[in-house]
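Residue strings, one per chain:
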Amino acid sequence: FFSVTTILSAIAKPALINWAAKEVATFAVENRDSWLNLDPDSAVDLLKRSPYRNKTKAANLGSAVHKAVEAHNLGTVAIYPDEVVPFMEQFALFIKEHEPTFELAEASVYNRSQKYAGTLDMIAVVDGRRLLIDVKTGKAIYPEVSLQLAAYSRAEFIGLPDGTEEPMVQVDGAAALHLRADSWELIPVRIDDDVFRSFLYVREVFRWMEETSKTVLGKARVA
């Protein structure tokens, strides 16, 4: 099985180029003394890695928030770092307003015929509708979440910890729960057939990159 999130990495993200350039420039200006006296190779290595320091920090925070949300949904006790507390306070406000009923959390789902799999964040009944919900903690919600949730919604079965399988739960729709330290939003997400078809196209691009592209060139003939 291909991972859904790995498949979606095949989508070009031009905005990341500008983001990375800005991160390098900002680091270079704010930390001039840290690289000015280095040899050229060391200076280049230090500067080019600067965008990924903040990216890793944000990813770690996102993972911690997801674990805290998962623990709540599963009814288990979670101990999380102080920086997660504001996000969980916003999650509590979401619960207070909508009073969701959580039916599934961190479930591994599979589509055997299309050969992909993933882990969904939650399925919950919200305002009378069963929704497939993905938790996001970044600065913005991007359209790719639609492809992700459309793929999860078309899973054929849920893989249980004991190795058995259950049919995938049918949902009425999908949403992204955008948690920030000072706000929350529940954003409806399309997961219709057109979106799922687009996901399959992306899957084929990913397959080209990972498999087919490595088989298309033969050995050069030497004159």
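Thresholds applied
- Residues numbered from 1 in each chain as written.
- Predicted model: local features only at pLDDT ≥ 70, side-chain atom pairs only at ≥ 80, totals over all residues.
- Heavy atoms only, no water.
- Patch = residues over 30% accessible without salt bridge, like charges linked within 9 Å, V, L, I, M, F, W, Y side chains within 5 Å.
- Areas by Shrake-Rupley, 256 points an atom, 1.4 Å probe, with all protein chains shown as cover.
- Salt bridge = Lys/Arg side-chain N within 4 Å of Asp/Glu carboxyl O.
- Helix = DSSP H or I, 4+ residues; strand = E, 2+ residues; numbered from the N terminus.
- Buried < 20%, exposed > 50% of the residue type's maximum accessible area, 1.4 Å probe, protein only.
- Core = buried A, V, L, I, M, F, W, Y, C linked by side-chain atoms within 4.5 Å.
- Contact = heavy atoms within 4.5 Å.
- 1 Å grid on protein atoms, 1.4 Å probe; cavity = no way out; pocket = protein on both sides within 12 Å on 5 of 7 lines; lining within 4 Å.
- Points joined across faces, edges and corners; volume = space filled by probe spheres on them.
- Nonpolar A, V, L, I, M, F, W, Y, C, P; charged D, E, K, R; others polar.
- Expected span 1.5 Å × (residues − 1).
- Arc of directions from axis to C-beta.
- Polar contact = N/O pair within 3.5 Å; in protein donor to acceptor, adjacent residues only side chain to side chain.
- Axes fitted to C-alpha atoms, helices over the stretch in contact; angles between N-to-C directions.
- Parallel < 35°, antiparallel > 145°, perpendicular 65-115°, else oblique.
- pLDDT = per-residue confidence, 0-100.

### A look at a nonpolar patch on the surface
At step 1: Taken together, V205, W208, M209, V216 and L217 make up a surface patch of nonpolar side chains, about 510 Å² in accessible area.
At step 2: Here V205 shows up in helix α8 (residues 193-210).
At step 3: A residue is classified by how much of its surface remains accessible, and V205, at 39% relative accessible area, is partly exposed.

### Focus on the nonpolar core
At step 1: The biggest cluster of nonpolar side chains holds 30 residues, and the ones touching the most others in it are L120, L149 and F199.
At step 2: Contributing elements (two or more residues each) for this core: α1 (4-8), β2 (101-111), β3 (116-126), α7 (144-153), β7 (173-179) and α8.
At step 3: Each residue touching L149, except ones within four places of it in the same chain, is listed here: L132, D134, A174, A175, V189 and I191.
At step 4: Counting residues in each nonpolar core, the second largest holds 19 residues, with V84, M122, L131 and V135 among its members.

### Things to note about the environment of L147
At step 1: Residue placement: L147 occurs in helix α7.
At step 2: Given a relative accessible area of 11%, L147 falls into the buried group.
At step 3: Along the primary structure L147 and L8 are separated by 139 residues, whereas in three dimensions their C-alpha atoms are 8.0 Å apart.
At step 4: Setting aside its immediate chain neighbours within four residues, L147 contacts L8, I11, V195, S198, F199 and V202.

### Some thoughts on empty space enclosed by the protein
At step 1: Inspection of the entire model under this criterion finds 1 cavity of 30 Å³ or more.
At step 2: A volume near 30 Å³ is recorded for the largest cavity.
At step 3: Take the lining of the largest cavity: its biggest share by element is 4 residues, from helix α5 (residues 50-74).
At step 4: Each residue belonging to the lining of the largest cavity can be placed in one class, and the counts come to 3 nonpolar, 2 polar and 3 charged.

### Things to note about α8
At step 1: The end-to-end C-alpha distance of α8, which contains 18 residues, comes to 25 Å, matching closely the 26 Å that a straight helix rising 1.5 Å per residue would cover.
At step 2: Every buried residue belonging to α8 is among V195, F196, F199, L200, V202, R203 and F206, and all of these are buried. In an axial view of α8, the angular spread of the buried residues amounts to 160 degrees, which keeps them on one side of the axis. Away from its buried face, by an angle of more than 90 degrees, α8 presents the exposed residues D193 and Y201.
At step 3: Elements that come into contact with the buried residues of α8 comprise β1 (2-3), α1, β3 and α7.

### Quick look at the side chain of N111
At step 1: By the secondary structure assignment, N111 is in strand β2.
At step 2: In this structure the side chain of N111 is engaged in a polar contact, spanning 2.9 Å, whose partner is the side chain of S113.
At step 3: One polar contact links the side chain of N111 to the main-chain amide nitrogen of Q114, over a distance of 2.8 Å.
At step 4: Discounting residues that sit within four places of it in the chain, N111 has contacts with F1, Y116, R154, A155 and E156.

### Remarks on the packing of α7 against α8
At step 1: Between α7 and α8, whose axes approach to 8 Å, the crossing angle comes to 100 degrees. Considering their axes alone, α7 and α8 lie roughly perpendicular with respect to each other. Here S146, L147, A150 and A151 of α7 come into contact with α8, specifically with V195, F196, S198, F199 and V202.
At step 2: Among the residues making up the contact of α7 with α8, the classes are represented as 7 nonpolar, 2 polar and no charged.

### Examining the confidence of the model for the protein chain
At step 1: Averaged over all residues, the pLDDT of the protein chain equals 90, while 97% of them reach at least 70.
At step 2: Looking at the elements of the protein chain, mean pLDDT is at its lowest for helix α2 (residues 14-30), recorded as 80, and at its highest for α7, recorded as 98.

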